[in-house]
Amino acid sequence: MMVKHVMIASCLLIVSLAFTAPVQAYTHIAKYMNYQGYLTDASGVPINGTRNLRFRMYDQSGAACNWVETHNNVTLINGIFNVTLGASASPAAVVVNETFRKPYLLQIEVYHPASGWEAMSPRHVLTNAAYAMASRKVVYQQVLTVAADGGDTTTVSGAIDMLMGAVPFSNPPYGAMSPAPSVSTPWVIEVQGGRFNESGTQYGGFSYGTINVPSNVTIRGQGWNATELSNINTINLTGNGQALESLMITGMGDTNVINMSGGTNCYIRECKIEAQHATPAIDMTSATSCEVVENNIVCLGPMSARGIITSGMEACRIEDNIIDMANNIVYASSTGSYGISTAGGNMNNCYILENVIRYYSTGAAGIGPSYGIGVSAGDSRTQVSGNVFWV
């Protein structure tokens with residue numbers, strides 16, 4: 001039986017839904033869309049009774065999106081029906097997981113026992129009401145928001161896993177987000193104020209407290225006095241175009257807090273990094289064209305610590321940082337601390353400018369040497385000037 005369809009209205013309700021991974025849990029903001037429509041037969045007579053309805057979403061080009069959902073036994077009264085997309089009871093709901101940052105079309109299909117599914121025509125353009133799904137945050141292209149309430153996820157680890165389609169976002173209706181991070185389509189993970197306990201990313205292989213940042217992704221907070229990433233073991237910036245901005249990062253234990261080893265075009269700006277006897281706080285070994293600028297590095301605890309290792313780095317800049325190592329060098333088993341050092345390697349075409357470094361020059365018997373900046377005889381075309389040492 002041929003039917004006609006007329007859309008009456010649509011509106012949105014946003015609620016919260018939890019997903020659980022084998023080793024970690026995220027709260028993802030599920031997007032529900034209330035949809036009301038009107039069905040008639042081929043003669044224009046409103047239909048009464050029940051029908052099975054199927055809904056599909058397409059982008060403006062007509063390409064099918066990941067999302068499709070069936071609602072069985074939908075009640076029609078004088079042709080009018082109401083469904084909540086993303087909340088089907090039977091079969092199981094399929095969360096509406098599109099970003100709502102581009103035009104979408106909704107296709108409605110009606111099931112006839114004798115002939116199967118019939119697609120209504122034309123598809124309907126989703127108008128402003130659907131885009132309220134993104135209204136709780138500033139919407140730009142290629143941005144995910146981390147917030148205790150109203151964001152895409154509640155952790156940076158979860159945002160990276162969502163972006164890259166890692167567990168628990170690896171199966172439909174999820175999968176890697178589009179466009180993928182690249183030089184021409186970089187992504188920003190915008191972290192709102194608060195303290196975020198990071199269990200670690202599934203992307204790149206899970207290790208507790210380790211965040212593997214994809215290339216061409218920036219993690220940006222609201223200032224280190226407002227946004228804290230805690231329980232960090234290591235943040236890996238070992239690809240291309242990765243960045244950390246305006247964050248408090250607290251490391252746990254004897255840890256290499258930020259690993260920039262081998263990274264290219266990466267930077268860390270306006271962050272505060274606190275760790276127990278970090279080894280080191282930032283590892284820039286063999287980094288190329290990277291920057292560490294205007295950060296505050298504090299190493300705590302009783303053992304020796306390292307601020308920044310620069311061995312083998314090329315065309316990098318370390319400038320206007322405060323590096324405080326004065327809380328370390330207590331036990332005789334310590335081997336000494338330093339603020340910035342090549343650690344026996346060389347660096348080329350680099351700048352180490354106007355940093356303030358605080359450290360102990362003496363300590364318990366048996367402690368190895370402590371110093372502010374250590375360079376090597378093989379360093380080439382590297383400028384070290386304007387630094388202040390507080391002993």
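This text goes with the structure placed above it.
Treat the numbers as computed from the prediction; the structure is a model and nothing was measured. In this convention, every chain numbers its residues from 1, walking through the sequence in written order. Where totals are concerned, whole chains, interfaces and linings use all residues; where local detail is concerned, this predicted model gives features only for residues with pLDDT of at least 70, and gives and counts side-chain atom pairs only at 80 or more. Note that water and hydrogens are dropped before the side-chain values are worked out from all heavy atoms of the structure.

Novice: Sorry if this is basic, but what is going on with the environment of Asn346 here?
Specialist: Labels follow the DSSP assignment, with helices taken as runs of H or I lasting at least four residues and strands as runs of E lasting at least two, numbered in each case from the N terminus. Looking at the element boundaries, Asn346 is found in the loop between strand S27 (338–341) and strand S28 (351–353). The sequence separation of Asn346 and Ser376 amounts to 30 residues, and the corresponding C-alpha distance is 5.8 Å. Excluding residues within four positions of it along the chain, Asn346 makes contact with Thr310, Ser311, Gly312, Met313, Ser376, Gly378 and Asp379. Side-chain atoms alone can form a polar contact between residues adjacent in sequence; in general such a contact is a pair of N or O atoms within 3.5 Å, and within protein one must be able to donate a hydrogen while the other accepts it. One polar contact links the side chain of Asn346 to the main-chain amide nitrogen of Gly378, over a distance of 3.5 Å. Any pair of residues with heavy atoms lying within 4.5 Å of one another is described as a contacting pair.

Novice: Would you mind showing me how to read the pairing of strand S6 (residues 104–112) here?
Specialist: Consecutive residues of a regular strand have side chains that alternate between opposite faces of the sheet. Among the nine residues that make up S6, eight are buried, leaving the element largely enclosed by the rest of the structure. When DSSP finds two or more bridges between a pair of strands, those strands are recorded as paired. Summarising the sheet, strand S3 (residues 49–59) and S6 pair through seven bridges and their orientation is antiparallel. Bridge pairing links Tyr58 to Leu105 in S6. Two elements, S6 and strand S7 (residues 116–119), share four bridges in a ladder whose sense is antiparallel. In the sheet register, Glu109 faces S7, and the bridge partner there is Ala119. What sits between S6 and S7 in their antiparallel hairpin is a turn of three residues. Note on classification: 1.4 Å probe, protein chains only; a residue is buried when its accessible area is under 20% of the maximum for its type, exposed when over 50%, partly exposed between these limits.

Novice: What is the right way to look at the sheet that holds S27 in this model?
Specialist: Taken together, seven strands build an open sheet; the order of strands is S12-S15-S18-S21-S24-S27-S30 and the sheet is parallel. Whereas interior strands pair on both sides, the edge strands pair on one side only; in this sheet they are strand S12 (210–212) and strand S30 (371–374). Here S12 runs beside strand S15 (residues 234–236); their pairing, made up of three bridges, is parallel. Its bridge partner lying in S15, Thr210 is registered against Thr234.

Novice: Explain a negative patch on the surface here, please?
Specialist: Like charges within 9 Å and nonpolar side chains (Val, Leu, Ile, Met, Phe, Trp, Tyr) within 5 Å are joined into patches, using only residues over 30% in relative accessible area that form no salt bridge. To measure how exposed things are, a 1.4 Å probe is used in the Shrake-Rupley method; for residues, cover is taken only from the protein chains shown. Throughout this description, the term salt bridge denotes a Lys or Arg side-chain nitrogen within 4 Å of a carboxyl oxygen of Asp or Glu. Charged residues are defined here as Lys and Arg on the positive side and Asp and Glu on the negative side; His and the ends of the chain fall outside this count. For the purpose of locating charges, the reference atoms are NZ of Lys, CZ of Arg, CG of Asp and CD of Glu. There is a patch of like negative charges on the surface, built from Glu270, Glu294, Asp320 and Glu354. Looking at the element boundaries, Glu270 is found in the loop between strand S19 (267–269) and strand S20 (272–276).

Novice: Is there a simple way to think about a nonpolar patch on the surface in this case?
Specialist: Taken together, the side chains of Ile322, Val356, Val388 and Trp390 make up a nonpolar region of the molecular surface, amounting to roughly 360 Å² of accessible area. With respect to the secondary-structure elements, Trp390 resides in strand S32 (residues 388–390). Assessed through its relative accessible area of 52%, Trp390 is described here as exposed.

Novice: What's the story with the nonpolar core in this structure? I'm lost.
Specialist: Soluble globular proteins tend to pack their nonpolar side chains together in the buried interior. Here, nonpolar core means buried Ala, Val, Leu, Ile, Met, Phe, Trp, Tyr and Cys residues that are tied together by side-chain atoms lying within 4.5 Å of each other. In this structure, Leu244, Ile258, Ile282 and Met284 are the most contacted members of the largest nonpolar core, which totals 56 residues. Within the residue set of this core, elements represented by two or more residues are strand S9 (143–146), helix H2 (156–164), strand S10 (187–191), strand S13 (217–220), strand S14 (227–232), S20 and strand S23 (296–300). In terms of residue count, H2 provides more of this core than any other element does, five residues in total. Setting aside its immediate chain neighbours within four residues, Leu244 contacts Ile219, Ile235, Leu237, Ile249, Ile258, Tyr267, Ile268, Arg269 and Cys271.

Novice: Help me out: how do you make sense of the pattern of salt bridges in this one?
Specialist: Should their charged atoms come close, side chains of opposite charge can pair. One pass over the structure, following the stated rule, counts nine salt bridges. Close ionic contact of Glu245 with Arg220 constitutes a salt bridge, the shortest N to O distance being 3.2 Å. In this pair, Glu245 is assigned in strand S16 (residues 243–245) and Arg220 in strand S13, connecting sequence segments 25 residues apart. We classify Arg220 as partly exposed; its relative accessible area is 28%. Among the salt bridges present, the one from Arg358 reaches Asp324, with a minimum N-O distance of 3.2 Å. Taken together, the residues span a long stretch of sequence, with Arg358 in strand S29 (residues 356–358) and Asp324 in strand S26 (residues 322–324) at a distance of 34 residues.

Novice: Even after reading the chapter, I still don't get the environment of Met260, so can you show me in this structure?
Specialist: Residue position: Met260 is located in the loop between strand S18 (258–259) and S19. The class for Met260 is buried, based on a relative accessible area of 0%. Along the chain, Met260 and Thr238 lie 22 residues apart, while their C-alpha atoms are 5.0 Å from each other. In this view, Met260 contacts Leu237, Thr238, Cys266, Tyr267, Ile268, Asp283, Met284, Thr285, Ala287, Cys290, Glu291 and Val292; residues no more than four positions away in its chain are not counted.

Novice: How should I be thinking about unusual backbone geometry in this particular structure?
Specialist: Following Val167, the chain continues into Pro168 via a peptide bond in cis, with omega recorded as 5°. Of note, Pro168 is situated in the loop between H2 and S10. The linkage connecting Ser178 with the following residue, Pro179, adopts the cis geometry, with an omega of 0°. The residue Pro179 is located in the loop between H2 and S10 in this model. Backbone geometry at Ser289 places phi at a positive 55°, although glycine is not the residue there.

Note that all results are geometric; they support no functional claim without further evidence.
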